[in-house]
Amino acid sequence: MGSPLRTIPCLMAVCAVAHAAGAPTFESAVGPVLAKTCTPCHNASLASGGMNIAPFTRADSLTKNREGWDIILTRLRAREMPPAGVPRPAALDGAIQFLTAEFDKADRNIKPDPGRVTARRLNRTEYTNTIRDLLGVEFRAEKSFPTDDLGDGFDNIADVLTISPVLMEKYLAAAQQIAARAVAADPLPKPLQIEFAAKDKRIRRIDFSTIEADGRIDFDGEYTVRFGLPGERGEGAKPVKLGFWMDGRLLETRQVETKPSGLVYFEPYSEEEMRLFLPEGEHVFRAGFIDDDFVRGIAPADAYNRKKNKFLDSIKFIGPYAPKDPPPSRAKIFICDPAGGTACVDRILANLARHAWRRPVTKADVASLARFVTLARTNGQNTEQGIGLALEAMLVSPHFLFRIEHDPNPADAGRAHPVSDVELASRLSYFLWSSMPDDALLGLAEAGKLHEPAVLDAQVKRMMADPKSAALADNFAGQWLELRSLNAVKPDPQRFPRWNSELRDDMRQETRLFFDYILRQNRPMGEFLDARYTFLNERLAKYYGIEGVQGPEFRKVDLTTDERGGILSQASVLTVSSYPTRTSVVIRGKFILDNILGSPPPPPPPDVPQLDEASVGATASLRQQMEKHRADAMCASCHSKMDPLGFGLENYDAIGRWRTHDGKFPVDATGVLPNGKAFSTPAEMRAALRSQLPEFARCVTEKMMTYALGRGVGPNDRRTVDGITRRLEAQGYPFQTLIYEIVHSLPFQSRRGEAGSQTATKPKEIALR
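Here's what I pulled together on the structure shown here. Everything quoted here is computed from the prediction, not taken from an experiment. For every chain, the first residue of its written sequence is number 1, and the numbers climb from 1 along that sequence. Confidence filtering applies because this is a predicted model: local features only for residues at pLDDT of at least 70, side-chain atom pairs given and counted only at 80 or more, and all residues used for totals across whole chains, interfaces and linings. Water and hydrogen atoms were dropped before computing side-chain values, which therefore reflect all heavy atoms in the structure.

### Looking at the environment of Asp-291
- Secondary structure counts use DSSP, requiring at least four H or I residues in a row for a helix and at least two E residues in a row for a strand, with both numbered from the N terminus. Examined against the element boundaries, Asp-291 turns out to sit in the loop between strand S9 (281–290) and strand S10 (314–321).
- Residue burial is assigned from relative accessible area. The probe radius is 1.4 Å, only protein chains are included, and a residue is buried under 20% of its type maximum, exposed over 50%, and partly exposed in between. In this structure Asp-291 comes out as partly exposed when scored by relative accessible area, which is 46%.
- Residues Asp-291 and Val-240 lie 51 residues apart in sequence; the distance between their C-alpha atoms is 7.9 Å.

Below, the structure written as structure tokens:
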């Protein structure tokens, strides 16, 4: 069973009591309610739901059992209690007001505590982005490093980002590889040729005019990319636009003729070439015709008939060749000519270390790095190779791999203090960009101006307008909404034959663009729940049954029916909250409790009985099976909250398609929210959830604070969260306001010190909320 604190909501079936005369007290406003309503069921003998109310019946419980009271008050404010069917007593509002006032008074008398964050290792995403911005080198850490552990739902939590011996070995190998690629001082090998062709079964056909292949590029350099195009179309056939993508990015396009060539003695065939710079690493390559209207009307039997269609059949890579222009990394490294002498070398090393370590560097720092240049020369290497060796050392230094913050005065053990401007710059850049501070941000930090409210606001505005802020959609939303789980989802191909990697990518892109739009346009947070628009391309629009969308590019599309609206109707969320063979009202209900209402259920008890999977949709609907499951008293306490929410999404199958039947049985989407609001359709459920916008905003606030701080939100953050949610409500919940509020908050701009810390920059007085 769950802990007593988890089951507190079960005790709050509150009935009316008479108001006590005079000023309200715990004994007059709260005590009688608990005594008359809760004690009969929640006592030492019975303890229904695992809860004994006795510890909460005295005034001193407000301080001794604050965590429990917070949960009780949250349930009361959300109108989850009294439960459905029990009249809401008139005295309840007075009890809520009394408890709220008492806790506000207590919080005002507590010295603010911003909490502590231990040294934070860069996670794989942050490492990748930092290398990109530091050196202009594309390195995909997710392909080389072990998976990062999760804490509090995110992979950037300091306490779980440890370094294993295996990871340290990976760091050493990556530093050597990245430094060599960035300096680009080594000669390239002779060009080689590799082909991915249909005849060798080395390509995947995505559709009639698109092919895809997985391949590795061994060296940064220019490559000739040659496309084989067999077949031809009829006289007067229009040219098509050939596109070439790498890892989802369109690199180049060109026009291709499709009409007959007139060479009657040869099998119709042509080739097209592109000369492109390709980075080292594992990649997914795709070639296809863009907006090809011809294949929309072609019969499947004619799609690969060389007399009736022109199509792609192979991709060939020839290279590497030395680029005409030096790679961008050399411009970032060699800010002067190292042949000019020691002064230039020291300048190069100082510039690299300042950016890599995200702080000003000292003469001692530069001298220690210069020793690597000397070592390389002693071993017969040139100065550029010596700088590469020094770069390797920078990339395996704790100053690069970790974000380390210092306490300014070791004597002030346990006291709160503002972080330095330089530390604030890293907090801000890794929050909004998942990457290092740029020159503008670092320059303001070094000048001691970043903490000034107007300067800080200007930087937040600038950074959110930068394309790098898409990291919030990829990394925050990707984990909040569990979109990263899409990569691991493998729906049953027999039951869901339409599932493929392209549909999966489209699902992810819809939600990513939806989140990014709400952020960049500063839309109200309520639109996450019931927006009357989404982002679709032709393939996903057809999947949803929405007409009028053509082409592979995503665009904003207005929704004209009640079938879709908000994140809970998007196929990405619906798929990650399902089983491979069927929907799951439990997973979907838990998703809503966790990520929408901020009221996660307790972990399931051991030995939970399983559903009869064979009968779902055949001899009984999923709803009938779950109602039978809930008849078990051990299961009912949690499932009574989760299942009714999950039922509200039963009109969507396990990969997000709209349906009206579950096998042989009509879908019954009726349900009830924890606050007692009933609904009978997904649209009605979205409207009911919209009525709990304060709870949703608090949930998102706590999750984004967790992501921004790199630690879980605890009782010490209660005052900050309360203040942010109040100001959000007063302004109508604009999404960007949440970003600004977190950046200006005490936990974001300060930290609690500890004994034995090292001296750093002198703290400043800063405006904190």
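### Observations concerning the packing of aromatic side chains
- Only the six-membered ring of Trp is used, alongside the rings of Phe and Tyr, when aromatic pairs are assigned; centres must lie within 6.5 Å, and planes under 30 degrees apart are stacked while those over 60 apart are edge-to-face, with the rest tilted. Tallied over the entire structure, the rule returns 33 aromatic pairs.
- A centroid spacing of 4.9 Å and a plane angle of 80° characterise the contact between Tyr-127 and Phe-145, whose relative ring orientation is edge-to-face. Linking Tyr-127 in helix H5 (residues 124–135) with Phe-145 in the loop between helix H6 (141–144) and helix H7 (165–183), this pair joins segments that are 18 residues apart in sequence.
- Overall, Tyr-127 belongs to the buried group, its relative accessible area being 1%.
- Given a relative accessible area of 6%, Phe-145 falls into the buried group.
- Centroid distance Phe-244 to Phe-285: 5.8 Å. Interplanar angle 5°. Geometry classified as stacked. Pair noted here: Phe-244 is in strand S6 (residues 240–246) and Phe-285 is in strand S9, with a separation of 41 residues, a long-range link.

### Some details on the pairing of strand S13 (residues 533–536)
- Residue alternation in S13 divides its side chains into two sets, Tyr-533 and Phe-535 and Thr-534 and Leu-536, and both sets are buried.
- In this description, strands pair whenever DSSP reports at least two bridges between them. Note: S13 against strand S14 (residues 555–558), 4 bridges, orientation antiparallel. Bridge pairing in S14 places Phe-535 opposite Lys-556.

### Considering the nonpolar core
- With 72 residues, the main nonpolar core has Phe-431, Leu-432, Phe-515, Leu-568, Phe-735 and Ile-739 as its most contacted residues.
- Considering each element in turn, this core owes the most residues, 9 residues, to helix H25 (residues 693–709).
- If near-sequence neighbours (up to four positions away) are discounted, Phe-515 is found in contact with Leu-472, Ala-473, Phe-476, Ala-477, Trp-480, Phe-528 and Phe-735.
- Ile-131, Val-137, Val-183 and Val-373 belong to the second largest nonpolar core, which has 42 residues in total. Buried Ala, Val, Leu, Ile, Met, Phe, Trp, Tyr and Cys residues that are joined via side-chain atoms within 4.5 Å together make up what is termed a nonpolar core. Here a residue-residue contact requires only that any non-hydrogen atoms of the pair lie within 4.5 Å.

### Thoughts on the side chain of Glu-650
- Here Glu-650 is to be found in the loop between helix H23 (633–647) and strand S15 (661–662).
- Since its relative accessible area comes to 4%, Glu-650 is described here as buried.
- As used in this structure description, the phrase polar contact means that two N or O atoms lie within 3.5 Å; if the pair is within protein, one of them must be able to donate a hydrogen and the other to accept it, and residues adjacent in sequence are counted only when both atoms belong to side chains. In terms of polar contacts, Glu-650 uses its side chain to reach the side chain of Thr-583, at 2.7 Å.
- Each residue touching Glu-650, except ones within four places of it in the same chain, is listed here: Thr-583, Val-585, Arg-588, Leu-622, Arg-659, Asp-662 and Val-667.

### Let's talk about the sheet that holds strand S4 (residues 210–217)
- Taking strand neighbours across the sheet as the criterion, the 5 strands line up as S3-S4-S9-S6-S7 in an open arrangement whose pairing is antiparallel. Each edge of the open sheet is held by one strand with a lone partner, namely strand S3 (204–207) and strand S7 (249–256). Taking the axes of each pair of neighbouring strands and ignoring which way they run, one obtains an average angle of 25° across the sheet. Fitted lines through C-alpha atoms serve as axes, helices being fitted only where they are in contact, and the angles separating the N-to-C directions of these axes extend from 0 to 180 degrees.

### Re H7
- With 19 residues, H7 should cover 27 Å at 1.5 Å per step; its first-to-last C-alpha distance of 27 Å lies within 8% of that length.
- By the burial criterion, the buried members of H7 are Leu-167, Tyr-171, Ala-174, Ala-175, Ile-178, Ala-179, Arg-181, Ala-182 and Val-183. The buried residues of H7 all sit within an arc of 165° when viewed along its axis, so they share a single face. Summarising the geometry of H7, the exposed residues directed more than 90 degrees from the buried face are Pro-165, Glu-169 and Gln-176.
- Directly after H7, the chain includes Ala-184, whose backbone phi takes a positive value near 55°. Here the expected span of a helix is defined as 1.5 Å times the quantity of residues minus one. To be clear, the arc concerns the directions from the helix axis to the C-beta atoms.

### A short note on the sheet that holds strand S2 (residues 192–197)
- Here we have 4 strands laid out as an open sheet, ordered S2-S10-S5-S8, and antiparallel in their pairing. Unpaired on one side and paired on the other, S2 and strand S8 (269–278) mark the two borders of the sheet. Between one strand axis and the next, the sheet turns by 20° as a mean value, whatever way the strands run.
- Note that strand S5 (residues 221–230) and S10 share 6 bridges and pair antiparallel. For Glu-222, the partnering residue across the bridge sits in S10 and is Tyr-321.

### Focus: the pattern of salt bridges
- The salt bridge criterion pairs a side-chain nitrogen of Lys or Arg with a carboxyl oxygen of Asp or Glu, the two atoms within 4 Å. Considering all chains together, one arrives at 58 salt bridges under this definition.
- When the shortest N-O distance is used, the salt bridge between Glu-446 and Arg-354 registers 2.9 Å. Taken together, the positions of Glu-446 in helix H14 (residues 439–446) and Arg-354 in helix H9 (residues 342–357) put the pair 92 residues apart, joining distant regions of the chain.
- Between Glu-538 and Lys-542 there is a salt bridge; the shortest N-O distance is 3.2 Å. You can see Glu-538 and its partner Lys-542 sitting in helix H19 (residues 538–544), 4 residues apart, about one turn around the helix.
- Salt bridges here are not isolated pairs; linked through shared partners, they connect Arg-181, Arg-216, Asp-218, Asp-220, Glu-280 and Glu-282.

### A word on unusual backbone geometry
- Each neighbour pair has its own omega, and for Gly-319 with Pro-320 the value is 10°, a cis peptide bond.
- Summarising the element assignment, Pro-320 is placed in strand S10.
- Positive phi is not limited to glycine here, since Ser-434 has a value of about 55°.
- Tracing the sequence through the fold places Ser-434 in the loop between helix H13 (421–432) and H14.
- Residue Ser-434 is classed as buried on the basis of its relative accessible area of 2%.

### Some points on the packing of helix H16 (residues 471–480) against H25
- Running from amino to carboxyl end, H16 crosses H25 at an angle of 115°, the nearest separation of the two axes being 11 Å. Remark: the crossing between H16 and H25 carries right-handed chirality. Contact residues: H16 offers Ala-471, Leu-472, Asn-475, Phe-476, Gln-479 and Trp-480, while H25 offers Phe-696, Val-700, Lys-703, Met-704 and Tyr-707.
- Each residue belonging to the contact of H16 with H25 can be placed in one class, and the counts come to 8 nonpolar, 2 polar and 1 charged. Handedness of a helix crossing follows the sense of rotation of the near helix relative to the far helix, less than a right angle counterclockwise being left-handed and clockwise being right-handed. In this classification, the charged set is Asp, Glu, Lys and Arg, the nonpolar set is Ala, Val, Leu, Ile, Met, Phe, Trp, Tyr, Cys and Pro, and all remaining amino acids, among them Gly, are polar.

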